[in-house]
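So the chains spell out like this:
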Amino acid sequence: MDRLRIAALGTLRVSRDETDLTVAGSRLRALLIRLALAGGHPVAPPVLAGAIWSGESPADPAHALQALVSRLRRALGEPGDVVQVAGGYRLAVDPADVDVLRFEQLAAAGRSRLHAGDPRAAAAALTEAVALWGDQPGLEPAPVAAAAPAVATRLARLSAEVVADLAEAKALTDRVEAETTPARAEVAVPGRLPAPSTSFVGRVGDLARIGLLLDAGRLVTVVGPGGAGKTRLAVEAARRRRHDYRDGAWLVDLASITEPAKVGAAVLAGIGLRGATMFEARGRAPGDEPAVLAERLAGREILLLLDNCEHLIDAAARLVEGLLIRCPGVRVLATSREPLAIGGEALVPLGPLTLPGPDDGVTEARRAAAVRLFVERAAAVRPKFVLDRKTLPDVLRVVRGLDGMPLALELAAARLRALSPRELADRLTDRLGLLSGDDASPARHRTLRAVIGWSWELLGEPERTVAERVAMLPGGVTAASATAICAGTAVPPAEVPEVLAGLVDRSLLQLVPDSDRYRMLETIRDYGIAQLADPGVVRDLAAGYFEALAGRHDSRLRGPGQLTALRLVTAEYDNVLAALRRRCDIGDAGAAVRLALRLAWYWQLVGREADAVYWLGEALAAPGGEPTADRACAEAIHLLSRAVAGTADRSRMRELADRLSAETELPGHHRALGPVLLMFLDEDAAALAGFAELAAGDDLWLAGLARLFRAQLAENAGELEQVRTDVEAALAGFRRAGDRWGQAAALPLRAQLRQYAGDLDGALTDLREARALAAEFGSLGLADQVHSDLRWIDLHLRRGEAGTAEAMLDAARERAVRAASAEMLVLLDTREAEFRLRLGDPVRARRLLDDAERGLPGATGLSSNHARTLIGCVRAALCLERADAAGAEQALRTAYAAGTAARDLPILGVVAVHSAALAQLRERHREAAVLLGVASRLRGAHDHSDPLGNRIDRRARAALGDDGFGTAYAEGWNLDPRTAAAAADPDRGDRI
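For clarity, every value in this text was computed on a predicted model and none was experimentally measured.

Caption draft 1: Inspection of the overall build of the protein chain at higher detail. If you tally the helices and strands in the protein chain, you get 45 helices and 13 strands. Considering only intrachain contacts with a sequence separation of at least 6, the fraction spanning at least 24 residues in the protein chain is 71%. As displayed, the protein chain has an accessible area near 40800 Å², and 51% of this comes from carbon and sulfur atoms.

Listed below in structure tokens is the structure:
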């Protein structure tokens, strides 16, 4: 028997052996479709009857069904096509020969292969699925809708998802094919977008428009009233296009940000980047977070989704405008109730979902997005709900009455838990009629307010109380925080979690995926806040709760629970800042200062120096502050944060250093503030005395911190034995305390020591561990990555791994170019020139060094003295390569002058090594040996893995003998640091 084939995704077509068969009559076609959807399995007679007659069953349905089956057999031409078996009737058809079933099979296979990381196979299956469907994804297939409406709705939704999955699979396939190096063969793309908790309905044209506008420009703003679905549309658009951007798509929700100055910091946090570099921090003016953000994003190919811009419209516009100018790889998709109104902005105005026509029947109405959304959400709360001729009139009244506004439709659908469709439509009609009087606000705003207000009134007293109070929290809510702010109400604490779950069921709260947190949409929050009779009381309760939370977790940020505490404080950060703002607003200076202090170490860990400067300043400015120890600590941290940002009040720092050093009752980690202030004031002896006292104390973490600071001072002074002692003790202390930040800060110092000792494997291991630990506190910025790359490249060259070093050089070059940072390019050009010279390419090295010198005047963020020292040393090495002694001497004079001004002994050690190479060129081997000793004294250790130093060492030993070399080397090594610094002067070399 020839195979029977059935196509129902477009116009119904039934065929056998390429010969079309006629199945006439809607009931006969409905019978055929319902049997075909079973794929050869039996279908019960009641199910078939429901598909055929849809509520108009004949007097004898069994007999009528049997008669239709006989007609269908005749139409198909084979008696065995439809057979009666146990359980009902069965159509003799292979599932592969029913296009609906084949489509579902291909869709499932494609999605499975996509999730398994095989985008090529996924694309093949999904392409075939799309070809079966045709060119109208999202529309229900009419033949299926007539027989099985629920199946048709599911298929329509699936078709849209298949198109999105196919686009994703193709993008991944293109990316995999384009990437040739193993390190870049990953198909995963970075980013942070919320996982959709419900299907996306409608807006196909708006999605396409966003895609076209992002292809053509770099700023697209979705504008529309609250409740129009701006966020959902933008997230869906970003999700579907995230693979178009090398660095992914990132959502930054500005809804909880209340301070315009904090928009830049919010974006930094939202994309997981630190506000300051962890290893190589550079000074910036306070409030320069937009510049930091631009630097971090420069060179990245990223889609930035800025959500809820309307209440910060000017600040958001300035930030976006600056990013688009400075970061050519950044595209911005924004949502707002009004345009950003800056150059290059393309708008996607968002109106209501498409509504059904006045005379639409069931099939036509199902094609309207507003109906599809309402029906799908209704079925989620009332599983047996379907759109049919009985429910159609009420559904039409609801979706038209609500103007097709998505949020209003979802809230209304949630009411079907307790109401019939008719009751829902009646009550909505009454509600909307009451609001249509003299209200001059736009109709859609009145509609949404009406639905939210009605949802509010249907709440019981406990639910209303909880909803109004949690609306006060800008950063979301947990069961614990909700319980705290409901204190003193009639809601028993034990019932609060259940009430929150009930609010989720009513679509007034959303459960954040994979967490125990809830969030309330801003439109609903606005309404809830307006209903609250005592907002001040709730704000005070919230402030008390979050003050206590910050206090509990402050100490945990310096121990084994550090990462857990960091995640928790980050999750509650907006709520904690709201508490701090409340204390400042009501003039409670003491509480404001205490809370700011509890945030101070968090700001340090995540690099939010701008936040530290701003909020400590706000707390200290609150009226009525008494001169307490807490206030002195807060002011000290404020001054230190400003000093790091390039603004130091040295006289006030001196006053506070004296006061804090004399305090005996300071809390643990604040006892380090006095010595740290002294260190910033360059009073190293006094600072070291303070650190010594802390290092000898019984506070394990504080002792580790003191030793870390002391090691940094010793390293700058070239006292590497002291560095070694303190670094090992600090690492041991931080590990025992469970502090990962401390380990990340100490490991690079130990890596340097291991490099000097010739333990290059150990040095590389330390750098790897430091980078992994640092990444736990936020993604490294491009500057950090370049600095880290240069350390690794140097190590690979010292290990003789030239191929690896060259590959890393290319990667570092790409990062520096992407960063579009003048100082990064100067640093990289200088160091790469040094590396290229070591790799035997002096021509390229000279070209790179010329580029570095030309770029130096524009590198305002780089220490010019350090840069000039390094450039002078590499210039000297180039001159030595071609035996140009005079040129080398001139370059070293410049380098020495800059190194002396930098007040950094180890960098003068680099000058001394190159001076030794110059002496050796002039056949002054004893002078070369002495200068090698001087270099070791300046850095504080012998560098056993330095290629240039080792080459000078071998030649000098050959000329002087081991004893003669040892005597000369010891002469330089035994100098005191000040004399050694003077001896490194190229103009004094002939007197050694």
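Caption draft 2: Structural view of the nonpolar core. Core analysis: the biggest nonpolar cluster contains 114 residues, and Val-470, Leu-580 and Phe-691 have the highest contact counts within it. Per element, the largest residue contribution to this core is twelve residues, and it comes from helix α26 (residues 589–606). When near neighbours in sequence (up to four residues on either side) are disregarded, Leu-580 contacts Ala-592, Leu-595, Ala-596, Leu-599, Trp-615 and Ala-619.

Caption draft 3: Up close: the environment of Pro-225. Structurally, Pro-225 can be placed in the loop between β7 (219–223) and α9 (230–241). Residue Pro-225 is classed as buried on the basis of its relative accessible area, which comes to 15%. In sequence terms Pro-225 and Thr-523 are 298 residues apart; their C-alpha atoms lie 9.4 Å from each other.

Caption draft 4: Main features of the sheet that holds strand β1 (residues 4–7). Here three strands make up an open sheet; going across it, the order is β1-β2-β3 and the pairing antiparallel. Edge positions in the sheet fall to β1 and β3 (19–21), since each has one partner strand and no second. Within this sheet the neighbouring strands show an average axis-to-axis angle of 35 degrees, counted without direction. Direction of pairing for strand β2 (residues 13–16) relative to β3: antiparallel, over a ladder of three bridges. The partner of Arg-16 across the bridge, within β3, is Thr-19.

Caption draft 5: Examining the environment of Met-653 more closely. Tracing the backbone through its elements, the reader meets Met-653 in helix α29 (residues 650–662). By relative accessible area, which is 1% here, Met-653 ends up buried. The spatial distance from the C-alpha of Met-653 to the C-alpha of Leu-681 is 7.8 Å, given a sequence separation of 28 residues.

Caption draft 6: Summary view of helix α27 (residues 609–621). Helix length check: α27, at 13 residues, gives a terminal C-alpha distance of 18 Å against a target of 18 Å (1.5 Å per residue), a fit within 8%. For α27, the full list of buried residues reads Ala-610, Asp-611, Ala-612, Val-613, Trp-615, Leu-616, Ala-619 and Leu-620.

Caption draft 7: Molecular detail of the packing of helix α19 (residues 461–470) against helix α21 (residues 496–505). Viewed as axis vectors pointing N to C, α19 and α21 meet at an angle of 85 degrees, and their least axial separation amounts to 10 Å. When the axes of α19 and α21 are compared, the pair comes out roughly perpendicular. Facing α19, whose interface residues are Pro-462, Glu-463, Val-466, Ala-467 and Val-470, α21 presents Val-499, Leu-500 and Leu-503.

Caption draft 8: View of the pattern of salt bridges. Per the stated rule, a full pass over the model turns up 65 salt bridges. With a closest N to O distance of 2.9 Å, Arg-377 and Glu-376 form a salt bridge. The burial state of Arg-377 is the same as that of Glu-376; both residues are buried. Between Asp-540 and Arg-582 there is a salt bridge, and its shortest N-O distance comes to 2.9 Å. One end of the pair, Asp-540, is in helix α23 (residues 535–556); the other, Arg-582, is in helix α25 (residues 573–585), and 42 residues separate them in sequence. Among the residues examined, Arg-582 registers a relative accessible area of 18% and is labelled buried. Within this structure, Asp-794, Arg-798, Arg-831, Glu-834, Arg-838 and Asp-943 form a network of salt bridges that share partners.

Caption draft 9: Expanded view of unusual backbone geometry. Positive phi outside glycine occurs at Ala-341, with the angle close to 60 degrees. At Ala-883, a position not held by glycine, the phi torsion is positive, near 60 degrees. Along the chain, Ala-883 turns up in the loop between α40 (864–881) and α41 (885–902).

Caption draft 10: Fine view of the side chain of Gln-920. With respect to the helices and strands, Gln-920 occurs in helix α42 (residues 905–921). The class of Gln-920 is buried, set by a relative accessible area of 7%. With near-sequence residues (within four places) excluded, Gln-920 lies in contact with His-925, Ala-928, Arg-951, Ile-952, Arg-955 and Ala-956.

Caption draft 11: Representation of the environment of Asp-699 within the structure. Summarising the element assignment, Asp-699 is placed in the loop between α31 (684–695) and α32 (700–716). By relative accessible area, which is 26% here, Asp-699 ends up partly exposed. Spatially, the C-alpha atom of Asp-699 lies 9.5 Å from that of Gly-733, the residues being 34 residues apart in sequence. At 3.0 Å, the side chain of Asp-699 and the backbone nitrogen of Leu-702 are in polar contact.

Caption draft 12: Up close: the packing of aromatic side chains. Evaluated as defined, the whole model comprises eleven aromatic pairs. Relative to Tyr-602, the ring of Tyr-573 lies with its centre 5.4 Å away and its plane at 40 degrees, an arrangement referred to as tilted. With a gap of 29 residues between them, Tyr-573 in helix α25 and Tyr-602 in helix α26 connect regions that are remote in the sequence. The pair Tyr-573 / Tyr-602 is uniform in exposure class, with both members buried.

Caption draft 13: Looking closely at helix α1 (residues 26–37). Between the first and last C-alpha of α1 there are 16 Å, a value that for twelve residues agrees with the 16 Å anticipated at 1.5 Å per step. Buried residues of α1: Leu-28, Ala-30, Leu-31, Leu-32, Ile-33, Leu-35, Ala-36 and Leu-37, and no others. Just downstream of α1 lies Gly-39, where phi reads positive at about 60 degrees.

Caption draft 14: Examining the pairing of strand β9 (residues 302–307) more closely. Most of β9 is tucked away, with six of its six residues classed as buried. Burial of β9 is two-sided: the residues Ile-302, Leu-304 and Leu-306 facing one way and the residues Leu-303, Leu-305 and Asp-307 facing the other way are all buried. Here strand β8 (residues 249–253) pairs with β9 via five bridges, running parallel. Among the inter-strand pairings, Leu-251 is bridged to a residue of β9, identified as Leu-305. As defined by bridge partners, β9 adjoins strand β10 (residues 330–336) across five bridges and the pair is classed as parallel. Each bridged residue has a counterpart across the sheet, and for Leu-306 the counterpart in β10 is Ala-334. What joins β9 to β10 is helix α12 (residues 313–326), and the crossover it makes is right-handed.

Caption draft 15: Expanded view of the pairing of β7. Buried residues dominate β7, accounting for five of its five residues. Inspection of the sheet shows β7 paired to β10 by five bridges, in the parallel sense. Opposite Leu-219, over in β10, you have Val-332 as the bridge partner. Here β7 pairs with strand β11 (residues 345–349) via five bridges, running parallel. Paired with Val-220 across the strands is Ala-346, a residue of β11.

Caption draft 16: Fine view of the packing of helix α2 (residues 45–53) against helix α3 (residues 61–76). Look at α2 against α3: their axes get within 10 Å of each other, and the N-to-C directions meet at 75 degrees. Between α2 and α3, the crossing angle belongs to the class labelled roughly perpendicular. Counted together, Pro-45, Leu-48, Ile-52 and Trp-53 of α2 and Pro-61, Ala-64, Leu-65 and Leu-68 of α3 form the full contact between these two elements. When the residues that make up the contact of α2 with α3 are grouped by side-chain class, the tally is eight nonpolar, no polar and no charged.

Caption draft 17: Representation of the side chain of Gln-743 in the model. Among the secondary structure elements, Gln-743 is positioned in helix α34 (residues 740–757). If sequence neighbours within four positions are ignored, Gln-743 has contacts with Leu-731, Phe-734, Arg-735, Glu-769 and Leu-773.

Caption draft 18: Molecular detail of the confidence of the model for the protein chain. On average, residues of the protein chain score 82 in pLDDT, and 89% of them reach the 70 mark or higher. Taken as a whole, residues 179–187 scores under 50 in pLDDT and shows seven contacts with residues more than four places along the chain or in a different chain. Residue range residues 434–441 is modelled with pLDDT below 50. Its contacts to residues more than four positions away, or to other chains, number eight contacts.

Scoring rules and cut-offs
Residues numbered from 1 in each chain as written. Predicted model: local features only at pLDDT ≥ 70, side-chain atom pairs only at ≥ 80, totals over all residues. Heavy atoms only, no water. Helix = DSSP H or I, 4+ residues; strand = E, 2+ residues; numbered from the N terminus. Contact = heavy atoms within 4.5 Å. Areas by Shrake-Rupley, 256 points an atom, 1.4 Å probe, with all protein chains shown as cover. Core = buried A, V, L, I, M, F, W, Y, C linked by side-chain atoms within 4.5 Å. Buried < 20%, exposed > 50% of the residue type's maximum accessible area, 1.4 Å probe, protein only. Pairing = 2+ DSSP bridges. Axes fitted to C-alpha atoms, helices over the stretch in contact; angles between N-to-C directions. Expected span 1.5 Å × (residues − 1). Parallel < 35°, antiparallel > 145°, perpendicular 65-115°, else oblique. Salt bridge = Lys/Arg side-chain N within 4 Å of Asp/Glu carboxyl O. Polar contact = N/O pair within 3.5 Å; in protein donor to acceptor, adjacent residues only side chain to side chain. Phe/Tyr/Trp six-rings, centres within 6.5 Å; stacked < 30°, edge-to-face > 60°. Right-handed = clockwise from strand over helix to strand, strands pointing away. Nonpolar A, V, L, I, M, F, W, Y, C, P; charged D, E, K, R; others polar. pLDDT = per-residue confidence, 0-100.

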